[in-house]
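# Report on the structure
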Amino acid sequence: MSISEAGIHYKNLMVALKKHSSYSEPSIVSHKHLCSEWVVVESNYNEEAGMKCICGKENIRYINKIVNHHNGLMLEPIGSSCIKRFEIEPMGIACMCCSKTLPEDNPFLQAYMKYHSITKNTLIVGHKKCAKKLLKNAFLKGRFGKYLKKEFVSYFNDLGVTMKLDKDANIDIEYTNHRLIPYIDALFD
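The rules we used
- Residues numbered from 1 in each chain as written.
- Predicted model: local features only at pLDDT ≥ 70, side-chain atom pairs only at ≥ 80, totals over all residues.
- Heavy atoms only, no water.
- Core = buried A, V, L, I, M, F, W, Y, C linked by side-chain atoms within 4.5 Å.
- Buried < 20%, exposed > 50% of the residue type's maximum accessible area, 1.4 Å probe, protein only.
- Helix = DSSP H or I, 4+ residues; strand = E, 2+ residues; numbered from the N terminus.
- Contact = heavy atoms within 4.5 Å.
- Axes fitted to C-alpha atoms, helices over the stretch in contact; angles between N-to-C directions.
- Parallel < 35°, antiparallel > 145°, perpendicular 65-115°, else oblique.
- Left-handed = near helix turned anticlockwise from the far one by under 90°.
- Nonpolar A, V, L, I, M, F, W, Y, C, P; charged D, E, K, R; others polar.
- Salt bridge = Lys/Arg side-chain N within 4 Å of Asp/Glu carboxyl O.
- Pairing = 2+ DSSP bridges.

Looking now at the nonpolar core. Counting 51 residues, the largest nonpolar core has Leu-17, Ile-66, Phe-156 and Tyr-183 as its most contacted members. When residues of this core are assigned to their parent elements, the largest contribution, 5 residues, is made by helix H4 (residues 107–113). Leaving out residues up to four positions away in the same chain, Phe-156 has contacts with Leu-134, Val-161, Met-163, Ile-184, Leu-187 and Phe-188.

A separate point is the packing of helix H6 (residues 150–159) against helix H7 (residues 181–188). Running from N to C, H6 and H7 point in directions that differ by 155°, and their axes come no closer than 12 Å. Our classification of the angle between H6 and H7 gives roughly antiparallel. Between H6 and H7 lies a crossing whose hand is right-handed. Touching Phe-152, Tyr-155, Phe-156 and Leu-159 of H6 are Tyr-183, Ile-184, Leu-187 and Phe-188, all from H7. Residues of the contact of H6 with H7, tallied by class, amount to 8 nonpolar, no polar and no charged.

With that settled, consider the pattern of salt bridges. Taken as a whole and assessed by the stated rule, the structure comprises 3 salt bridges. When the shortest N-O distance is used, the salt bridge between Glu-42 and Lys-65 registers 3.9 Å. Of this pair, Glu-42 sits in strand S1 (residues 38–45) while Lys-65 is found in strand S4 (residues 62–68), placing the two residues 23 residues apart along the sequence. A residue is classified by how much of its surface remains accessible, and Lys-65, at 18% relative accessible area, is buried.

A few words on the sheet that holds S1. Here 3 strands make up an open sheet; going across it, the order is S1-S4-S5 and the pairing antiparallel. Every interior strand has two partners, whereas the edge strands, S1 and strand S5 (74–79), have only one. The sheet shows a mean angle of 25° between the axes of neighbouring strands, taken without regard to direction. Pairing geometry for S1 and S4, over 7 bridges, is antiparallel. The residue of S4 that forms the bridge with Asn-44 is Ile-63.

This is the structure in structure tokens:
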């Protein structure tokens, strides 16, 4: 009887997880216990794919780095199918405005991951409501007229984007990396 491609991928990943396990006899440990050792520490999206998961699946687009929280060993690249299949603890990125966890299919998170990998410390605006609030609260009226709040400018500077007001008090955007355009467009849409 031949093993399916999915079966081969399962077997390959199990070999890697056991090899890097903190258990002295990983071959006798249950699947659940073996997988519970690992957490996602970084995720990225690569449109061109071409990467190969350690399970052997080719052309993965969602690339994850996992770490064994008992012994500190890291494994990468891990595709999103393997993360789900093995019930490895997801990162749990939360929206910086409302603190709600962002699911993997969140459009803001998807757009951001096209630009940069994410970690637990990534600050990201993750909901349309939060984006509207961010933009609504971006302006401050002071002694010298309308200007952008320091927190607003700082958030975008950290991303690599310069935000200024033009002479008509419209926000002018300067990119240092044009791969960020999908995320900024999602915010300003």
